[in-house]
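Residue strings, one per chain:
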Amino acid sequence: MSLSPLVFALFGYDELAQKICVKHNYEIGNLICHQFPDAETLIKIHSNILNRQIILVAGLENPNTKILSLIYFAETARDLGATSITLIAPYLVYMRQDKQFHPHEGITAKYFAKLISYYFDKLITVEPHLHRIHSLSQIYTIPTHVVYANKDIGQWILKNVSMPILIGPDEESKEWVNAIAQITNAPFVILKKTRKADRKVEIEMPDLKAFVDYTPVLIDDIISTGISMLETIAHLKRYNLHSPICIGVHGLFIDNAYEKILLAGAKQIVTCNTVIHASNLIEISGF
Ligand code: R5P
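What this report covers is the structure whose coordinates are included nearby. (Residues numbered from 1 in each chain as written. Predicted model: local features only at pLDDT ≥ 70, side-chain atom pairs only at ≥ 80, totals over all residues. Heavy atoms only, no water.)

**A word on the packing of aromatic side chains**
Counting across every chain of the model gives 5 aromatic pairs. Ring geometry for tyrosine 94 against phenylalanine 112: centres 5.4 Å apart, planes inclined by 35°, an arrangement best described as tilted. In this pair, tyrosine 94 is assigned in the loop between strand S6 (84–89) and helix H3 (108–119) and phenylalanine 112 in helix H3, connecting sequence segments 18 residues apart. What makes phenylalanine 112 buried here is its relative accessible area of 8%. With a centroid separation of 5.2 Å and 80° between ring planes, the pair formed by phenylalanine 211 and tyrosine 214 is classed as edge-to-face. On the basis of relative accessibility, which here comes to 22%, the residue tyrosine 214 falls in the partly exposed class. (Phe/Tyr/Trp six-rings, centres within 6.5 Å; stacked < 30°, edge-to-face > 60°. Helix = DSSP H or I, 4+ residues; strand = E, 2+ residues; numbered from the N terminus. Buried < 20%, exposed > 50% of the residue type's maximum accessible area, 1.4 Å probe, protein only.)

Rendered as structure tokens:
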């Protein structure tokens, strides 16, 4: 009988790794990521992984600082005899540059996929930013599994918000805001968003006067600089609705976005436990 997978965590994702172990009856592994005084790193895998399947749980936000440790983990695990290495990256980075938007640019989604596919045998992630690329298999050459957040977000809204009106910030959010609307039995609107620059978007919002008694629930897959949420909140103010609740699957909160969104008038900001943050009130059940 083959042994169950051994699960390791990097970059502080130990709690999620523990939860996955408990749920599936997997064994937790022992790993040290040693940093030398000159900032070079050495991965030491203390568990015996010879002929074992292993799983690495690693949040990849802020990827450029992490990628070498990730590669060293995979190389070390192979050298020590692991038979397969699955990467659980709850937030899949480098998915937004999924086409050449302007001349002279590359497609980093493709290059990052090539790198991960080289070092790992399988990828599991949550709600990747799939738009112009429709499936991870278009860019990843290893098996991939996508965990969806719809049900968990829908259940959170059902439990915590009375009379919600769901607001999707852009056309790309339509499908999954629609799915959450089915679960919550709530009305929804989809806005038109045009991104002018990294920190500048323009939003067009339909007339929401009819929803004056509702609580707006803004739902986006990623809250990065928060500018999409901030612009939406600014537009909502015209309609005198209740203070909005902002939900992001992956909360990156660049440039103090969390504080800015609250200052702008959000009643609450809630995220899924895919990027560690105090707003992680929605636990992904599908791992
Ligand atoms: C964009 O396509 C995504 O779905 C998010 O709307 C975007 O990443 C949010 O970024 P920001 O918080 O910087 O507006």
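**A look at the side chain of threonine 225**
One can find threonine 225 in the loop between strand S13 (215–223) and helix H6 (227–236). Assessed through its relative accessible area of 14%, threonine 225 is described here as buried. Only 3.2 Å separates the side chain of threonine 225 from the backbone nitrogen of isoleucine 227, close enough to count as a polar contact. Excluding residues within four positions of it along the chain, threonine 225 makes contact with Asp198, Arg199, Ile254, Asp255 and Ala257. (Polar contact = N/O pair within 3.5 Å; in protein donor to acceptor, adjacent residues only side chain to side chain. Contact = heavy atoms within 4.5 Å.)

**Some details on the packing of helix H4 (residues 150–160) against helix H5 (residues 174–184)**
Between H4 and H5, the shortest axis-to-axis distance is 9 Å and the interhelical angle comes to 45°. One way to sum up the angle between H4 and H5 is to call them oblique. Judged by the sense of rotation from one axis to the other, the crossing of H4 with H5 is right-handed. Touching Asn150, Lys151, Ile153, Gly154, Gln155, Ile157 and Leu158 of H4 are Trp176, Ala179, Ile180, Ile183 and Thr184, all from H5. Of the residues belonging to the contact of H4 with H5, the class tally is 7 nonpolar, 4 polar and 1 charged. (Axes fitted to C-alpha atoms, helices over the stretch in contact; angles between N-to-C directions. Parallel < 35°, antiparallel > 145°, perpendicular 65-115°, else oblique. Left-handed = near helix turned anticlockwise from the far one by under 90°. Nonpolar A, V, L, I, M, F, W, Y, C, P; charged D, E, K, R; others polar.)

**Remarks on the state of the cysteines**
Counted under the stated rule, the structure contains 0 disulfides. Its sulfur unpaired, cysteine 21 is 19 Å from the next cysteine sulfur, which belongs to cysteine 33. For cysteine 21, a relative accessible area of 4% gives the class buried. Sulfur of cysteine 246: no disulfide; nearest cysteine sulfur belongs to cysteine 272 and is 14 Å away. (Disulfide = S-S within 2.5 Å.)

**Observations concerning the nonpolar core**
Note that soluble globular proteins tend to have their nonpolar side chains buried in a common cluster. Phe73, Leu87, Phe120, Tyr140, Ile153, Ile157 and Ile247 are the most contacted members of the largest nonpolar core, which totals 75 residues. Leu208, Leu218, Leu236 and Phe253 belong to the second largest nonpolar core, which has 25 residues in total. (Core = buried A, V, L, I, M, F, W, Y, C linked by side-chain atoms within 4.5 Å.)

**As for the environment of threonine 141**
In this structure, threonine 141 sits in the loop between strand S7 (122–126) and strand S8 (144–147). Residues threonine 141 and lysine 44 lie 97 residues apart in sequence; the distance between their C-alpha atoms is 28 Å.

**Considerations on the pairing of strand S4 (residues 41–45)**
Note that strand S3 (residues 31–35) and S4 share 5 bridges and pair antiparallel. Note that in S4 the partner of glutamine 35 across the bridge is threonine 41. (Pairing = 2+ DSSP bridges.)

**Topic: the site of the ligand**
Neighbouring the ligand are 15 residues; Asp220, Asp221, Thr225, Gly226 and Ser228 lie closest to it. Look at the ligand: alone it shows 380 Å² of surface, and the protein chains cover 93% of it. Put simply, the parts of the chain that give the shell around the ligand at least two residues each are strand S11 (192–197), S13 and H6. The dominant element in the shell around the ligand, judged by the number of residues it contributes, is S13, at 4 residues. (Near = heavy atom within 4 Å. Areas by Shrake-Rupley, 256 points an atom, 1.4 Å probe, with all protein chains shown as cover.)

**Some details on the packing of helix H2 (residues 67–79) against H3**
Between H2 and H3, the shortest axis-to-axis distance is 10 Å and the interhelical angle comes to 25°. On the basis of the axis angle, H2 is roughly parallel to H3. Facing Ile67, Leu70, Ile71, Ala74, Glu75 and Arg78 of H2, the residues of H3 in contact are Phe112, Leu115, Ile116 and Tyr119. Residue composition of the contact of H2 with H3, by class: 8 nonpolar, no polar and 2 charged.

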